[in-house]
Amino acid sequence: MTRNIGKWLISGPPVFYLAVFFVIPTFIMVLASFRHAGEFGGLAPIFLHDVRGAHLNLTLESYREYFSDFIYSRLFIKTLIYALVTTFFCLVTAYPLALLIAGSEKRHRDLLVLLVILPFWSNFLIRIYAWMIILGPQSALSVGLNGFLGMFGIEPVGLLFTPFAVVLCLIYVQLPFMVLPLYANLEKHDPALLDAAQDLGANSWQRFWRITFPLSLPGVYAGIALVFIPVLGIFAVPDILGGTGGIMIGNLIKQEFLEARDWPFGSALSIILTLGALCIVGVAAMVAGRTVKNDA
Amino acid sequence: MGKLLFILFFVAAPVFAGDELHLYNWNNYIAPETVDRFEAYCKCRVVQDYYSDNEELLAKLAAGAKGYDILVPTGNALASLIRQGALLPLDRKLVPNLKNINPAYLDTAFDPGNRYSAPYAYTTTLIGYNVEKMKQLGLPTDTWAVIFDPKYLARVKGRVTVLDSQRELMAAALKYLGYSANDTDEAHWYSAEKLILRAKPYWAAFNASSYIKELTVGNIWLVHGYSNDMFQARMDARAAKRKFTIGFSLPKEGAVLALDNMVIHKYAPRPDLAHKFINFMLDGKNSSELTNMLGSGNPNLAALKYVDPEIASNPAIFPGKESKLEMLQDLDMEKRRVLNRLWIKIKIE
């Protein structure tokens, strides 16, 4: 019993924190999505008073707006594609790196992990602005690439203000979030398993696919969740590096709250995004659960 | 030296005790020397907080921000704040310097009779360009056509940015088509949308922040943007000794003028200091310092004699009467939704 009280005391503050700053705001947002927009922005009163007395002033208008035009879903799908591409490239680039760190000598590992985290020491926006310079038309990268393309008679290409720039920067920003959970998982693998596999005649490819990869799946799923979900809501990267067709759903939500001053529609979009992300994660978890079971 | 500063701090501290003016202003929108002189004059401390657009200001106040004395909203945001009852009326006896303001900038539709606001400075939305490139490519610089007409755009493909702002870009397109910037006829909006979509493949980006730098370093040659920003780009290019110059001019079809105004928030802790500040900023010399620093337009007639002649003679900063400038009016919720949906289409297509 006393042990339980101790547990509650320790877990109390974070639970309280999440309740106050996550659960309550989420409910406020759900409610806001059913309200009318105020004339100057903000929200219209929730109760209307007239001759019949007070009655609730709620509406489905924001959701109707979303489904009235396919354009919103198109933006949603485009955002999903960006997030999927980002997650895929994060996974295939982070995996070998995590494997390398986990396989290196113990005394080097901490330093290598530190190097992965190092970019976080400078501000997120500054790192994105740096990409503007790297991808700009006068950069060594652009000049070199276009010189190379020119040798084959191909027209010079612009790198900045393109979907390519957006996805490239998203991968850069999210990469550490893929490396860390993968490393945390791979580091714990028992090297004896690989030795045993080798003794039984498995080549290095088989050892990876039959031993290392299946064991690392929890790390893979954690990394995918950490990369995929934040990318869905990101708006700074497309704002800064995206061209005329670069916006994602996060930009639209920001625009609804600021420029359009339409809080209910912005809230509705956020909720649709959250539900969409939950569905995807749910389906993915089910599929993942099944494969893990089948393997077992 | 350290010791001296330490002593100074303790000597100076009692003077400032308690007396603070909270100024919620645009980023980089007051000259530091003006702030220093005001602090000496009122024996108070100016505490500054910044916003980067009117929406940010409105959103923050709508969310219940308090503690600001002075705000500096643009016309349409001013009207919105007045209708919300968020401002204190000005006490005219405390701001005699209001007489310095050019009557053309007083009594606007946003605040008839200037009950709440005193003009601070203005910007125009116009086209800025790389002078040498425009000459070399034979492009005109006195018309919106250069931003919207594929005939011209084909020569600068991928070297053009337009503002990432629904109202500003729509206003430019409407002006080019010969309508008012405040036209709310949806049929006209749709022709403007068509015009924008036809021009869009030639633009590099919708951009409201980094175009100054891109213009200064020579990556972008033609932009739709604000006069203050163009002035900064020109000064930066000059300081960096670039081989080109940045020019900017008002299109002959007309453009948007944005007048920023000083107002006092309803919950101002120190309305007395706020009035003092407004009157101080309406003084010609004090007002001219902002113009000399930023190249902002100045509605203050008494300031003109202190303004750098290069700035004063620039018709894009001090436009003549013939320049068909319009201030943007606020749209109602229903129109905002229509425009917003149109804008999303423009950005996704």
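As the structure is a computational prediction, the values presented were derived from the model and not from experiment.

(A) Highlighting the overall build of chain B. Scanning chain B for helices and strands turns up 15 helices and 11 strands. Compactness check: chain B gives a C-alpha radius of gyration of 21 Å against a globular reference of 20 Å for 349 residues, within 12% of the reference. Dimensions along the principal axes, computed over C-alpha positions, put chain B at roughly 65 × 50 × 35 Å. A burial count over chain B gives 58% of its 349 residues as buried. By sequence separation, contacts in chain B at least 24 residues apart represent 74% of the contacts at least 6 residues apart. When the accessible surface of chain B is summed, it comes to about 14,600 Å², and 56% of that surface belongs to carbon and sulfur atoms. Taking the 42 positively charged and 38 negatively charged side chains of chain B as two groups, their mean positions are separated by 3 Å.

(B) The arrangement of the interface of chain B and chain A in detail. Between chain B and chain A, the residue contacts involve 37 residues of the former and 36 residues of the latter. Between chain B and chain A, roughly 3,300 Å² of surface is buried when both sides are summed, and carbon and sulfur atoms account for 52% of that area. Between Asp330 of chain B and Arg261 of chain A there is a salt bridge, with the nearest N and O atoms lying 3.2 Å from each other. The interface formed by chain B and chain A holds 13 residue pairs in polar contact (both at pLDDT 80 or more) in total. The residue makeup of the side of chain B that touches chain A, split by class, is 11 nonpolar, 10 polar and 16 charged.

(C) Spotlight on the packing of aromatic side chains. For the coordinates displayed, the defined rule picks out 31 aromatic pairs over all chains. Here Tyr66 of chain A and Phe67 of chain A contribute two aromatic rings whose centre-to-centre distance is 4.9 Å and whose plane-to-plane angle is 80°, an arrangement assigned as edge-to-face. Through a chain of ring-to-ring contacts, three or more aromatic side chains come together here, namely Tyr24, Trp26, Tyr29, Tyr51, Tyr68 and Tyr120 of chain B. Over the ring of Tyr267 of chain B we find Lys66 of chain B; its NZ or CZ atom is 4.9 Å from the centre of that ring. One Lys or Arg, Lys335 of chain B, reaches over the ring of Trp189 of chain B and ends 5.8 Å from the middle of that ring.

(D) Structural view of the domain arrangement of chain B. Residue and element names in this part refer to chain B. If you check the domain split of chain B, you get domain 1 (2–122 + 259–321) and domain 2 (123–256 + 327–348). One C-alpha centre belongs to domain 1, the other to domain 2, and the line joining them spans 28 Å. Carbon and sulfur atoms make up 56% of the surface buried where domain 1 meets domain 2, a total of about 1,400 Å² over both sides. Linking domain 1 with domain 2 are three salt bridges, by the criterion used here. Note that Arg83 and Asp330 form a salt bridge whose closest N and O atoms lie 3.6 Å from each other. Applying the counting rule to domain 1 against domain 2 returns two residue pairs in polar contact (both at pLDDT 80 or more). Secondary-structure elements contributing two or more residues to the side of domain 1 that touches domain 2 are α4 (75–83), α13 (284–294) and α14 (309–312).

(E) Representation of the environment of Met132 of chain A in the model. Summarising the element assignment, Met132 of chain A is placed in helix α5 (residues 124–135). Apart from residues lying up to four places away in sequence, Met132 of chain A is in contact with Leu160, Phe161, Ile240 and Leu241 of chain A together with Ser210, Lys213 and Glu214 of chain B.

(F) Here's a closer look at the nonpolar core. If you look at the biggest cluster of nonpolar residues, it comprises 173 residues, and the most contacted ones within it are Leu241 of chain A together with Ile147, Phe148 and Trp203 of chain B. In terms of residues, this core owes the most to one element, helix α3 (residues 70–103) of chain A, which gives 13 residues. Mapping this core onto the domain boundaries places at least three of its residues in each of domain 1 (2–122 + 259–321) and domain 2 (123–256 + 327–348) of chain B. Discounting chain neighbours no more than four positions away, the residues touching Ile147 of chain B are Ile127, Leu153, Val160, Val162, Ala199, Trp203, Leu222, Val223 and His224 of chain B.

(G) Here's a closer look at the pairing of strand β2 (residues 45–51) of chain B. Residues and elements named next belong to chain B. Here seven bridges tie strand β1 (residues 20–26) to β2, and the two strands are oriented parallel to one another. What sits directly across from Glu20, in β2, is Arg45. Tracing the backbone out of β1, into helix α2 (residues 32–42) and back to the parallel element β2 gives a crossover that is right-handed.

(H) Geometry of the pattern of salt bridges. Here the structure, examined in full by the defined rule, presents 23 salt bridges over all chains. Here Asp262 of chain A ties to Arg337 of chain B by a salt bridge, and the two come within 2.6 Å at their closest N and O atoms. Separated into two different chains, Asp262 of chain A in the loop between α11 (249–257) and α12 (263–295) and Arg337 of chain B in helix α15 (residues 333–348) make up a pair that spans both. The same class applies to Asp262 of chain A as to Arg337 of chain B, namely buried. One salt-bridge network, in which partners are shared between bridges, spans Glu65 and Asp69 of chain A together with Arg341 and Lys345 of chain B.

(I) Quick peek at the state of the cysteines. Tallied over the entire structure, the rule returns one disulfide over all chains. Each sulfur of the disulfide joining Cys42 of chain B and Cys44 of chain B lies 1.9 Å from the other. Because the torsion about its S-S bond is -70°, the bridge between Cys42 of chain B and Cys44 of chain B counts as left-handed. The pair Cys42 of chain B / Cys44 of chain B is uniform in exposure class, with both members buried. The thiol of Cys90 of chain A is not disulfide-bonded; the next cysteine sulfur, from Cys169 of chain A, is found 11 Å away. On the accessibility criterion, Cys169 of chain A (0% relative accessible area) is buried.

(J) Local environment of the packing of helix α4 (residues 106–117) of chain A against helix α7 (residues 163–186) of chain A. All names here are of chain A. Remark: α4 packs on α7, axes separated minimally by 9 Å, with the N-to-C direction vectors making an angle of 155°. Comparing their axes, α7 and α4 come out roughly antiparallel. Along this stretch, α4 crosses α7, giving a crossing that reads as left-handed. Residues Arg109, Val113, Val116 and Ile117 of α4 touch α7, and the partners they reach there are Pro176, Val179, Leu180 and Tyr183. Across the contact of α4 with α7, the residue classes tally to seven nonpolar, no polar and one charged.

(K) Quick peek at the environment of Phe177 of chain A. Along the polypeptide, Phe177 of chain A turns up in helix α7. Excluding its chain neighbours within four sequence positions, the residues that come into contact with Phe177 of chain A are Phe120, Gly223, Leu226 and Val227 of chain A.

(L) Region of the structure containing the confidence of the model for chain B. Residue and element names in this part refer to chain B. For chain B, per-residue confidence averages 91 on the pLDDT scale, and residues scoring 70 or more make up 95% of the total. The spread of mean pLDDT over the elements of chain B runs between helix α1 (residues 2–16), the lowest at 47, and helix α6 (residues 145–148), the highest at 97. Contacts from residues 4–16, a stretch scored under 50 in pLDDT, to residues over four places away or in other chains number three contacts. At the level of chain-chain contacts, confidence expressed as ipTM amounts to 0.79, with global pTM at 0.84.

(M) Just the pairing of strand β2 (residues 53–56) of chain A, in detail. All names here are of chain A. Sheet analysis places strand β1 (residues 47–50) next to β2, joined by four bridges and oriented antiparallel. Counterpart to Leu48 in the pairing with β2 is His55. Counting the residues in the hairpin turn of β1 and β2 gives two residues.

Conventions and cut-offs
- Residues numbered from 1 in each chain as written.
- Chains lettered and ligands numbered in written order.
- Predicted model: local features only at pLDDT ≥ 70, side-chain atom pairs only at ≥ 80, totals over all residues.
- Heavy atoms only, no water.
- Helix = DSSP H or I, 4+ residues; strand = E, 2+ residues; numbered from the N terminus.
- Rg over C-alpha atoms; globule rule 2.2 N^0.38 Å.
- Buried < 20%, exposed > 50% of the residue type's maximum accessible area, 1.4 Å probe, protein only.
- Contact = heavy atoms within 4.5 Å.
- Areas by Shrake-Rupley, 256 points an atom, 1.4 Å probe, with all protein chains shown as cover.
- Lys, Arg positive; Asp, Glu negative; His and termini not counted.
- Charge placed at Lys NZ, Arg CZ, Asp CG, Glu CD.
- Buried area = accessible area lost by both parts, 1.4 Å probe.
- Salt bridge = Lys/Arg side-chain N within 4 Å of Asp/Glu carboxyl O.
- Polar contact = N/O pair within 3.5 Å; in protein donor to acceptor, adjacent residues only side chain to side chain.
- Nonpolar A, V, L, I, M, F, W, Y, C, P; charged D, E, K, R; others polar.
- Phe/Tyr/Trp six-rings, centres within 6.5 Å; stacked < 30°, edge-to-face > 60°.
- Lys NZ or Arg CZ within 6 Å of the ring centre and 35° of its normal.
- Domains from an automatic or database assignment.
- Core = buried A, V, L, I, M, F, W, Y, C linked by side-chain atoms within 4.5 Å.
- Pairing = 2+ DSSP bridges.
- Right-handed = clockwise from strand over helix to strand, strands pointing away.
- Disulfide = S-S within 2.5 Å.
- Axes fitted to C-alpha atoms, helices over the stretch in contact; angles between N-to-C directions.
- Parallel < 35°, antiparallel > 145°, perpendicular 65-115°, else oblique.
- Left-handed = near helix turned anticlockwise from the far one by under 90°.
- pLDDT = per-residue confidence, 0-100.

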